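Chain residues, written in single-letter form:
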Amino acid sequence: MKRVTIRVPATTANLGPGFDAFGCALSLYTDVTFEETEYGLEITGCDEAYTGPDNLAYVSYCAVLASLSEEVRGVRIHIDAHIPICRGLGSSAALLVAGAMGANVLRGSKLSTQGLLNITNAMEGHPDNLAPAFYGGLTASMVDNGLPVCVSFPLHPDWEFLALVPDFDLSTAKARSVLPQQVNRADAIYNIAHGALVLKALELGDEKLLRNAMQDKLHQNYRKHLIRDYEKIEALVRTTGAAFCLSGAGPTLLCITQDERLEEKLAKKLDSITEANWEMLPLHIEFQGARVIKAE
Ligand code: HSE
């Protein structure tokens, strides 16, 4: 095989209290095609700034070949990204996953998904986006002795995710830089308890329980000042009965509901309370993880 296209879903990490642990795959995708060539690197389909050897798809492609002790020959990479960049919807994780899977498939699929997760987690530092990107659905992950251990959780199929994506970006590095190094015990207990109930509410399809449990003391309060109109939007969403959280490190804000009219209800008011432009993206759960969609 010389050419392969990998499709990776968007992911929302944290889901409120599950900081660096919970993640869910969503119905928005980045497709990346890898074609082996004799020499050199060519990357197309993205901004010029991302066409060098530090492109994450190429970095993880090389990392997988290195772990297989295989030679890196030339590669042509084409990126067709529908996951918005630096918005908290797993665009970086998607590139890492695509690069790892692309290299593995082109060289005979010798590594398991867990093996690819180990390699990409060493680059990303936390598996909360990577796990649902690889496996689909809802996952919770821990890192034990340096290696990610991920478990899939059942999800009620009726949930709808409405992502509110602003016209400004926020780097994960900046959103992590405002977090305290130490947390107090009451806040840690709060998140453990709320996190467990979030998982149960998502399984049961219990919107009231989800709304109450999807609260956090470890990251959202420290990050909200980086996101214009966060509090106004949160207050608006809470009047509708939907659950609300920051998607990953932000700046996308996420509403989770079973109300098919949520978008319509928010559309009427969102523009009048905010200065930035917020695109509303209605998304579903993606139960399938990264996969090969074309191989030649
Ligand atoms: N759990 C991560 C964070 C997700 O909130 O910083 C973004 O990589």
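In this text, all values refer to a predicted model and were calculated from it rather than measured experimentally.

A. Here's a closer look at the side chain of Ser 60. Considering the arrangement of structural elements, one finds Ser 60 in helix H1 (residues 56-67). For Ser 60, a relative accessible area of 0% translates into the label buried. One polar contact links the side chain of Ser 60 to the main-chain carbonyl oxygen of Leu 96, over a distance of 2.7 Å. Here Ser 60 is in contact with Leu 95, Leu 96, Gly 99, Ala 100, Thr 120 and Met 123, once residues within four sequence places are set aside.

B. Spotlight on the packing of H1 against helix H3 (residues 113-124). Where H1 meets H3, the axes come as close as 10 Å, and the angle between the chain directions of the two elements is 125°. In this view, H1 runs oblique relative to H3, as classed from their interaxial angle. In the packing of H1 onto H3, the handedness of the crossing is right-handed. Here Val 59, Ser 60, Ala 63, Val 64 and Ser 67 of H1 lie close against H3, whose contacting residues are Leu 116, Ile 119, Thr 120 and Met 123. Class assignment of the residues belonging to the contact of H1 with H3 gives a composition of 6 nonpolar, 3 polar and no charged.

C. Spatial organisation of the packing of helix H2 (residues 91-106) against H3. Put simply, H2 and H3 touch, their axes get as near as 10 Å, and they point 140° apart. In terms of orientation, H2 and H3 fall into the oblique class. The handedness of the crossing between H2 and H3 is right-handed. Mapping the contact onto sequence places Ala 93, Leu 96, Val 97, Ala 100, Met 101 and Asn 104 in H2 and Leu 116, Thr 120, Met 123 and Glu 124 in H3. Of the residues belonging to the contact of H2 with H3, the class tally is 7 nonpolar, 2 polar and 1 charged.

D. Quick peek at the state of the cysteines. Across all of its chains, the model carries 0 disulfides by this definition. Residue Cys 24 stays outside any disulfide, its sulfur separated by 10 Å from that of Cys 245, the closest cysteine. Left without a disulfide partner, Cys 62 is nearest to the cysteine sulfur of Cys 46, which lies 15 Å away.

E. Seen up close, the environment of Leu 68. Mapped onto the secondary structure, Leu 68 falls in the loop between H1 and strand S4 (74-81). When its relative accessible area of 17% is taken as the criterion, Leu 68 is described as buried. Separated by 69 residues in sequence, Leu 68 and Gly 137 place their C-alpha atoms 29 Å apart.

F. Seen up close, the packing of aromatic side chains. Taken as a whole and assessed by the stated rule, the structure comprises 4 aromatic pairs. Centre to centre, the rings of Tyr 58 and Tyr 61 are 6.4 Å apart; their planes meet at 15°, and the pair counts as stacked. Of this pair, Tyr 58 and Tyr 61 both sit in helix H1, 3 residues apart, roughly one helical turn. Neither Tyr 58 nor Tyr 61 differs from the other in exposure class; each is buried.

G. Seen up close, the domain arrangement of the protein chain. One can read the domain layout of the protein chain as domain 1 (3-153 + 286-295) and domain 2 (160-283). Taken residue by residue, the interface counts 22 residues in domain 1 and 35 residues in domain 2. Around 2100 Å² of area is buried between domain 1 and domain 2 when both sides are counted, 69% of it from carbon and sulfur atoms. When the area that domain 1 buries against domain 2 is broken down by residue, the three leading residues are Pro 17, Phe 19 and Arg 87, summing to 30%. Inspection of the domain 1/domain 2 interface yields 1 salt bridge. Between Asp 20 and Arg 176 there is a salt bridge, with its nearest N and O atoms 2.7 Å apart. Scanning the region where domain 1 abuts domain 2 turns up 13 residue pairs in polar contact (both at pLDDT 80 or more). Mapped onto the side of domain 1 that touches domain 2, the elements with two or more residues apiece are strand S1 (3-13) and strand S2 (22-37). Here the side of domain 1 that touches domain 2 gets 5 residues from one element, more than from any other, and that element is S2. Across the side of domain 1 that touches domain 2, the residue classes tally to 14 nonpolar, 6 polar and 2 charged.

Conventions used here
- Residues numbered from 1 in each chain as written.
- Predicted model: local features only at pLDDT ≥ 70, side-chain atom pairs only at ≥ 80, totals over all residues.
- Heavy atoms only, no water.
- Helix = DSSP H or I, 4+ residues; strand = E, 2+ residues; numbered from the N terminus.
- Buried < 20%, exposed > 50% of the residue type's maximum accessible area, 1.4 Å probe, protein only.
- Polar contact = N/O pair within 3.5 Å; in protein donor to acceptor, adjacent residues only side chain to side chain.
- Contact = heavy atoms within 4.5 Å.
- Axes fitted to C-alpha atoms, helices over the stretch in contact; angles between N-to-C directions.
- Parallel < 35°, antiparallel > 145°, perpendicular 65-115°, else oblique.
- Left-handed = near helix turned anticlockwise from the far one by under 90°.
- Nonpolar A, V, L, I, M, F, W, Y, C, P; charged D, E, K, R; others polar.
- Disulfide = S-S within 2.5 Å.
- Phe/Tyr/Trp six-rings, centres within 6.5 Å; stacked < 30°, edge-to-face > 60°.
- Domains from an automatic or database assignment.
- Buried area = accessible area lost by both parts, 1.4 Å probe.
- Salt bridge = Lys/Arg side-chain N within 4 Å of Asp/Glu carboxyl O.

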